[in-house]
Each structure stands twice: as structure tokens, then as C-alpha cells.
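Chains, contacts and geometry: an overview
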Amino acid sequence: MNPAFLRPARKLASLLALALTLAACGGGGGGSENDAGPQQPAAPVSKTEAARFLSQSTYGANEASINHLASVGYARWLDEQFSKPLSPFKAHIDRTIADYAAAGTGSVNTNDVWEAYWKQAIAGEDQLRARVAFALSQILVISAAGDSLGGRPRTVAGYYDVLQTHSFGNFRQLLNDVTLHPGMALYLTYMANRKESATRVPDENYAREIMQLFTIGLHQLNPDGTLKRDGSGNPIPTYTNEDVTGLAKVFTGWSWGGPDNSNSRFGGGTPDPNRDILPLQAYPNYASVSEKKFLGVTIAARSTATVADMQADLKLALDTLFNHPNVGPFVGRQLIQRLVTSNPSPAYVQRVAAAFANNGSGVRGDMKAVIRAVLLDNEARDANLASSTQFGKLREPVIRLAHWARAFNATSKSGTFMIQNLNNPISQLAQTPLFSPSVFNFFRPGYVPGGTAIGNAGLVAPELQITNEASVVGYLNFMNDAIRNGTGSGRDVLPNYAAEIALADDAAKLQARVDLLLTHGQLSAATRDEIINAIAAISIPKPAADGSTTNVDNARKNRVYTAIFLTMASPEYLVQK
Amino acid sequence: MKPFNASRREFLRASSALSLAGVGGAPFLMNLATMSAAAAANAPADYKALVCLFMSGGNDTHNMVLATDPTSFASYTQVRSTADAGSIAMAQNILLPISARDAQAKNAGRSFALHPRMVNIQNLFAAQRAAVIANVGPLLAPLNKAQWTARSVPTPPNLFSHNDQQSTWQAFAPEGALTGWGGRMADLLMSMNGTPLLTAVSTSGKATLLNANSAIQYQVTSSGAVAINGLNSNLYGSAAGSAALRRILTGGRSHMFEAEQAAITNRAIDLQAVLSTNMLPRYNATSAPNGIPDPAVVVNPATGNNIDNGLANQFQTVARMMGGASALGMRRQVFFVNIGGFDTHDNLNNTLNDLYARIDHAINYFDGVLESLGMRNMVTTFTASDFGRTLSSNGDGSDHGWGAHHFVFGGAVNGGDVYGRFPTIGVNTSDDVGSGRLLPALSVEQYAATLARWFGLSESQINDVFPRLVNFGSERDLGFMRV
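Residues numbered from 1 in each chain as written. Chains lettered and ligands numbered in written order. Predicted model: local features only at pLDDT ≥ 70, side-chain atom pairs only at ≥ 80, totals over all residues.

1. Comments concerning the overall build of chain B
From N to C terminus, chain B includes 14 helices and 14 strands. Relative to its length of 483 residues, chain B is compact, with a C-alpha radius of gyration of 23 Å against a globular reference of 23 Å. Dimensions of chain B, computed from C-alpha atoms along their principal axes, come out at roughly 75 × 50 × 45 Å. A burial count over chain B gives 60% of its 483 residues as buried. Sequence separation of 24 or more characterises 73% of the internal contacts of chain B that already satisfy a separation of 6 or more. (Helix = DSSP H or I, 4+ residues; strand = E, 2+ residues; numbered from the N terminus. Rg over C-alpha atoms; globule rule 2.2 N^0.38 Å. Buried ≥ 20, exposed ≤ 12 C-beta atoms within 10 Å, placed from the backbone. Contact = placed C-beta atoms within 7 Å.)

2. Focus on the domain arrangement of chain B
All names here are of chain B. Assigned domains within chain B: domain 1 (4-221 + 285-472) and domain 2 (225-278). Its C-alpha centre places domain 1 at a distance of 36 Å from the equivalent point of domain 2. Facing 9 residues of domain 1, the contacting portion of domain 2 comprises 5 residues. Class assignment for the residues of the side of domain 1 that touches domain 2 results in 7 nonpolar, 2 polar and no charged. (Domains from an automatic or database assignment. Nonpolar A, V, L, I, M, F, W, Y, C, P; charged D, E, K, R; others polar.)

3. Some details on unusual backbone geometry
Despite not being glycine, Leu434 of chain A shows a phi value in the positive range, around 55°. Relative to the helices and strands, Leu434 of chain A resides in the loop between strand S6 (411-412) and helix H21 (453-456). Positive phi, normally seen in glycine, also occurs at Gln128 of chain B, with a value near 60°. Locating Gln128 of chain B in the fold gives a position in the loop between helix H5 (119-126) and strand S5 (130-137). Using a count of 15 C-beta atoms within 10 Å as the deciding quantity, one classes Gln128 of chain B as partly exposed.

4. A few points about helix H11 (residues 310-323) of chain B
Residues and elements named next belong to chain B. The first and last C-alpha atoms of H11 sit 20 Å apart over 14 residues, in line with the 20 Å expected at 1.5 Å per residue. Burial within H11 is extensive, with 12 of its 14 residues counted as buried. What H11 keeps buried is the set Leu311, Ala312, Gln314, Phe315, Gln316, Thr317, Val318, Ala319, Arg320, Met321, Met322 and Gly323. (Expected span 1.5 Å × (residues − 1).)

5. Observations concerning the interface of chain B and chain A
Opposite the 68 residues of chain B that make contact, chain A presents 62 residues. Listed by contribution, the elements that provide at least two residues to the side of chain B that touches chain A are helix H7 (162-171), strand S7 (217-219), helix H9 (239-250) and helix H10 (256-278) of chain B. Per-element tally for the side of chain B that touches chain A: the top contributor is H10 of chain B, with 12 residues. Of the residues that constitute the side of chain B that touches chain A, the class distribution is 24 nonpolar, 35 polar and 9 charged.

6. Re the packing of helix H2 (residues 47-57) of chain A against helix H3 (residues 63-72) of chain A
Residues and elements named next belong to chain A. In the contact formed by H2 and H3, the axes pass within 8 Å of each other and the chain directions differ by 110°. One finds that H2 runs roughly perpendicular with respect to H3. The two elements H2 and H3 meet at a crossing, and its hand is right-handed. Listed contacts from H3 to Lys47, Ala50, Ala51, Phe53 and Leu54 of H2 are Ser65, Ile66, Leu69 and Ala70. (Axes fitted to C-alpha atoms, helices over the stretch in contact; angles between N-to-C directions. Parallel < 35°, antiparallel > 145°, perpendicular 65-115°, else oblique. Left-handed = near helix turned anticlockwise from the far one by under 90°.)

7. Quick look at the pairing of strand S10 (residues 332-339) of chain B
Residue and element names in this part refer to chain B. Among the 8 residues in S10, 7 count as buried, and that is most of the element. As judged from the 8 bridges shared by strand S1 (residues 48-55) and S10, these two strands associate in the parallel manner. The residue of S10 that forms the bridge with Met55 is Ile339. Here strand S6 (residues 200-202) pairs with S10 via 3 bridges, running parallel. Residue Ala200 lies in a different strand from S10, and its bridge partner there is Val334. (Pairing = 2+ DSSP bridges.)

8. Overview of the nonpolar core
Core analysis: the largest hydrophobic core is formed by 310 residues, its most contacted members being Val352, Val370 and Val374 of chain A together with Cys52, Ile133 and Met185 of chain B. With 13 residues, the top contributor of residues to this core is helix H12 (residues 348-373) of chain B. (Core = buried A, V, L, I, M, F, W, Y, C linked by C-beta atoms within 7 Å.)

In C-alpha cells:
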């Protein structure tokens, strides 16, 4: 039995609330054009341009969001999105905990995090924030797969809220809050990390990965993201193992939040009820006091450490990383890869890195400026560039599913969008949000598919790392079923094909609608004709003699399923351009 | 190749230790017993396979193969013990001794033992179907401590980085390597095979090891090769829809990413058709009496709970492919299986108890299945991992290292020995580059080339596949494979 069914009262309330929301905004996803406040002037774009922009900046287009964006244009749409309130995942977990407490049974688990994820992805108004937070969750990675966080859904939800919060904030603050979050401390094992002694050395895990994966990477970069090289043509490392061991000392003495910093609390005793989401705090008794050298910085040895010393050391360490010239190109390139294209030109990376370095008002790390630079860049927007045989990216499996649900206005019977683990490659999607196998994400930004034209051309294709002979079958069979029957636990998430069924008698019009929603008109003429002919081959019968239209309805539905599935099976859809 | 009956008896003896905490042994053996002798008779005449068991995360082999002579063990305890509940130093009296033949005399005066969860591997070692290769790691050329300190000999880039060292073990280059050494061997040998596209097979996602120029790495799961619904039958009731689906999935593409997506899908369709009749099923008493039996359940030693051993399931899938090798005309195959979770920065004791129990169970299961297929001498399984780890403790775990010990399993292995000089245990030794990170004494290329020679590569092919082997002079073969 799914524990979610233990809380019918809230599910019903949520369902009603959702219905009201839908009634108020005509299907969700678009309209806040009446928001007050200073706005960019409207600068209309075409529907196909709007749909393409939405594939890069949201979980996918639907009719309402296309129409709205087409009318206001990119800049104003971005401002609208920047002002949307965030949908905290922790609030969903806390409501669920309260429901279980009232019912006297049940406990939250990772399924509840995924419910919050899918509710936001499919029905959330804050689509830009959601998509950027998902991108950040694949750079500053924690995962509920594994022992450290598998039993801590509130921590995982709270961590995702940190990413959401700073998606429109500043990267420096993001680094701070990520570093002090118990989710990261548990995942990368610096919770209650102790200073060195005769019998132990500090845990090096976070010191290494915050450099390699979260901020500066392995090699010195030019401002355009290309590698700097030494006189022999070799890449130049950004840090040595001595920098790792030196920085590791900074991450000693930090442990659970709570009302005091007693030795007991450091070791996990006397847990505060909110310690699973409270920022870490300093425990000077366990902090290294020896000299700390990293990245050209030296913190002198002390006889004892204070809370203020520890906070100053942490600030210096994070400032040093944040101000490293690699961060803009390193993080900026990955954000481009998550949203727009796997192989951005160096000039594109350089423009995004410049926005990271200075938002125009002298501020470094302004995420809004970075997002604008990523999405409004000519390389992202010029449809002619998109016709190159190398532009674009394979759509992530999770985003394909969300896109389908959004495009066809899916709703949740329970109101909580009960879509759960999707990892099985042969029957599901080979990807589950917040559930990557390691801190190296589902796929690497530098993944090169060996033995392919892509690899031989010197290109990367991150999402191809989870694409293989098993996963292509898993995806097709999963979508074949979901398109017809809905998806999620108990088929909780069901599409609404009313608009498509209304067009079903006209194969070309049905195909055109699906094409706009899913591929912004990028299907080849050959594939378009294949789909139109396949739709038309399903004949619409006359109603039965008794007046029943069941056979007519079924034929129309099969036309809609065929139109959507063939589109989502096509390589032109699977590669977002 | 040993007489069938003799190896059968050996298997039964070794399997008496299978019952990890007492479960599952009996039904497993009964299943094996029902496998027909015909299966063994079907084994191809000239077949060899290599199976890479990759341990993702960086295996702390300081706790997997231990030197137990008094000097070594005292040093191990002194460096590793934190003398508290989280201490990652093991007590000597729980270890499983192994008696090395010491044919190379490099380790005179040393004695060795295995982690306590490796009782089946202990038995395989005694039966000379398992060997330990000491302190292997990526090197560009032989390297000593003085050269390391002086930086006078180049070393592989991006040491201690997970993804880069995974790639370096598998392809001798950091992340982004276009071909792995398994794939390069597949390129050379695929023409021997009746179905060349099945020369390199992974059960655990894309593996750099199997990246190749001409060969491909084929992905198969424990569900076998599954068909695409609506492709061989109507799509939403329509034959026209099905036909359109096939053309859309498989048609030629000019966009590079679309072309690769279509190429993978084409292979999935074609090879599913091949494997639907040529991959052995899972054993079922009525519907699949010739199938490969499911692995027994493993008991987690920390919790006492049963766990489904996904690694053993991968070996079952490999065995199901091998069982079809004869019908497909296969003579050389390289497989990749994977078990994750080795990044033991914390909770090292519980983690290794669990992971080593899984490996021990899976290796023993596979040994038994191969015996039943009559293929034990044809298949060699070797371990690999990102890197070894520090000997120093961070309290309840260890950090990224370099050299590590590894196992080679199979009937063609010169087993029962420890190959290579086992390092001096401690910190600040000539084998230590910091906190007990081992400076490798043997290169991965030496280790791999020894396997490749058994696999049938010529010396010139070996030089092509392992370009830095020439830097290691006459030590081109570590001797752990029977000629």
C-alpha cells in the first residue's frame, strides 16, 4: 500500500486548490501579466520562438505558456519569473509529517521529496526557478540514493530549497548555504569531521569535491572556458593534493545545528528536532588549529580556535574559491549545457562568464545576470545556429516526462503528483531527480561518447552517458504506456487531451499542434509526413447503430496517442535544438 | 581444461562455504544440478572471455588483502587504529589467512590474510583459481619515491580524482578518453566472432573500458534484451503506426546527436532480435530447465537482513550471454560488471562488510555457474577500481589514494599466489606518497597486458593496445595467467 493513501484529507484539499488554480489561470504555466512592478516593455515573439525558449528555460511548453511568452517576449517573461515566489519542498514534507502524525501512523520518505519535485515540475508557476534549481542539483550534487540521505527526506527537501532560493540569488551565498547544509555535510562526510591527531587526519572529501566539482574544476581555464596550457602544451592543474589536505582542515569542527555547541551535540547526541535542516555550527574543540595552506592562502597556526576563528576561516576559504577566475567559465558552461547546448562556443561561455564576473553593477556571482546571459545569448536564440549538425543537447529523460505532462496539462488525482523512482533503464527512464549514483551526477559535463562521430569531432554529449541499448527501449516503452494510461503510482498523473482530440479528425492540424508543443516545429518534413500519414491511417469510424460514439472516441484517442508517441520517439524531439 | 567431474567435485567443496550465514546454498546447488550436461557440451571449442569487475568509488584494499607478518601488522594497527568504536583497523584474529605459494619469492617473510567476508575467495585462492596482484595503479613509467618527490618522472594526470582515475584505469587517459583497452582488444578480435557487435558487453551502463573504434559496447540488463512495444506488433492498434515508428527510429540523420541516438536504437532493435533466441534464460524448473539459476540471497552481516545481490545478478546476465556464445559463433568477449559504494570516507567497516560479502558471493556464484557450463577455464574475471585509499584514518573512513591490490579469478589463473612485491605497510615509507597512499609498484598496463596475452593478442598487438608497456622493460607479463 502506498503510504500516500494514508492522508486522504489533505489530498482532497490539494485537489480542490489545484482545480481553483487551474480555473483562475486557464491551465497554468503562463499568466501573470497583470503583476505590478517595473517591467520590461513587451517585445512579442513568434509561437515557435516562444516554445523553443520554454524548452530551454522551463520543464516544457504548453499552450498557455507559449501564448503568454509570445505576447510579452523574453526579457519581460524573465522578470516575471524572477518575481515568482518559490515552492518550498520542505513545506510539502512538513505538511506530510503533520498528516502522518494526525493519522497516528506512517513516516515520510524519499517518495515525498519526489512528489514535491513533480508537483513543481508539472504544475508549478515558478518554472524558470525550478529548471535552474534542477540544473544546480546536478552541479552541486547530493543524492537520496545511498545510506547517508536515503532516510532523510526533510534534509534532501531542505537542501533543494537552498538551491531554489539561490537560483535567483548570488553564487557566493549559494556556496555558503550549501557548505553549511546538513544534507551536503552528510553526503560528502564532513559532518562532525575532526581535526588531525596522532591517529587520524581530517576527512578530505568535501575539500576535494568543492574544488573539483562545485567551483573551480581540475584545470586552469581561460575566460572562455578553454584550457590554459603550459609551455609543453599540458593543462595546468588548479590545485595539488596538498591544497586538498590543507583545505580539509577548514572543514573540521563543523557539525549539527542546535541551541549549544556541546561536545555531545557535535557527535550526534541530544539532537535538536530541526537539526536535519539547520545550518551546521562551529565546534571549536574539534577544529584544526594547525597551519592551513590552500590555493595560495595561508592561515597561521593558532593555540586554540574560537567560533569566530572558524567562521573567518570558512569565509576566507569560500571567498578564495568564489573569486577564483575559473568559477564563471566553469559553472557558466555547465549551466549552458543543462539548459541550451552541450557544446557552447568559447565566445558564448565567455559572455556568460563575464556576466558572472560582473552583473553590470559591479556584483560578482549574480545568478539572475548569469541566467539572462545564458538564455538571451544570440547563440541560444538564433534559430539559424540551431540548424547546425552539432548544436543542442539530448533532452534528459526526466525532463521529457515533465514536458509531456505539461504540454498535455496533466493533473494529479491525489493532488500530490505521486511519481516516484524512475531508475530502471529497461522499463523506466534511467534517471530519477535527486537520486544520482554519486556526486558525479547522472552524467558528466565532460562525457565523450567513444567510438562515435561526436567523440571523434572533439565534442561532449553528457546525456549520452545514460543512453544505451537498454535505456532507449526503457524510455520508449515507458512513454508508450504513459501517453495512453497516465503515469505515477496508481496512475496518479493523467494527461488531458481535450484540445488534441478536438483536432483529431484533421491529421495535419493534430500533428501541427503536437509539433509546436513538443519540438517547436523542428521535425523534419519527412518525419512530419510520417506522423501525419500514421495518424490518417487510423480511420475514424461512423458512430455505432445505437448512437454510441465509443468507437469514434477510441479512434480519436489512438490518433492522439500516435501523434504524441511518434513525436517523442523521434530523434528530432530527443535532441533539443 | 580439467576433467568435468573433477572440477564439479571442486565446485561442490568450495560451495560448502556458499551459505553466507546459512541461507540459500541448497536450492542453488539443486538448480545447478538440474542444468543439463548438454549445456557444457555446447561450450564453444575456442572461447575466451574477460570480465572486468569494477568497484566504483575507490576500494580500500588496505582492509581487503592484509600483510599479517608481525612487523607489517603492527604497523597497520599503529597507523590505522583510532582505538575507538569507529576505528577502521581490523583485529588480526578475524582475518582469513591465505597461503601464498610465493613462486616469485618477492614476498619472503610476509604472510597474508583476507577480509573476513571473503571466505569463498579464500577457498578459491586455496583451489588456485584466485590470485592477488599487489599494489597496481596507473603509471607512465616505473617510479620510485625519490623520483616522485623530485617530480623527475612524469605521472598520470589528475591523480586522486574519481572520474579521471576510473577512466585512466580503463583507458590510460583521464575523462574523455575515446577508446578503452577492452574496446581496443575488441577492435582487434571482433572479426573472430559470428556476431561482432556482441564482442564488448556491459551490464552496468557506459564503461570507458569498452569504448572502441569499430566495436561497440552493448548494454544488456538482467531483463535480457527487451523488445520495443509497438514495433513488431501494432502501435495503438495500427500497423501503419508501427511501420512509421520503425522508420522514425531508424532512419538516417545528419545531426550528430540524432544520428547517435538512432544508431543506439538500431542496435537495440537488431540485437534484441538476435538475443531473443540466443541468450540463455533464467533457470525455471518447468519453463527454462536449461537456464542459468538465480543467485542465492546474501545476508547483510551488519543487519542480518537478506539483500538482493545486484552484482551476482549481473554475473548471471553475463553467464546467460556466455551460454549463448556457441550458437552465436562467439570466440572472444569482454564484459563489464560494476559494483558501487566504495568511496568510504566514512562508515568504512559496515560498508566494506556489505560490499565484500556481495563480491565474495557473486564471484563464487559465477565460478559455480561457469563450471556447470564447462567454461571455467575459458573465463577470467579481474578486479579494477578508481584507486586505493589512504592507510591513515579520518576517524571512520579513509581518503583517495593511488595503488591498490586486486584479484584475478578463473580456471586459467595461476592462482594461490600473491604477485608483485607487497608494499611496506606504514606512512613515510618508500611505498607511501602521503598518509599511506601507495605508490604503485606495478602499472595497470602490466596487469592488463598479462590478461591480454592470455586472451590471444600478439606481442605487437599488445604494444598497440598498451602503449606505455614498453617503458616497463622485460616485465611484460606478471605471470598470473597460465600459458
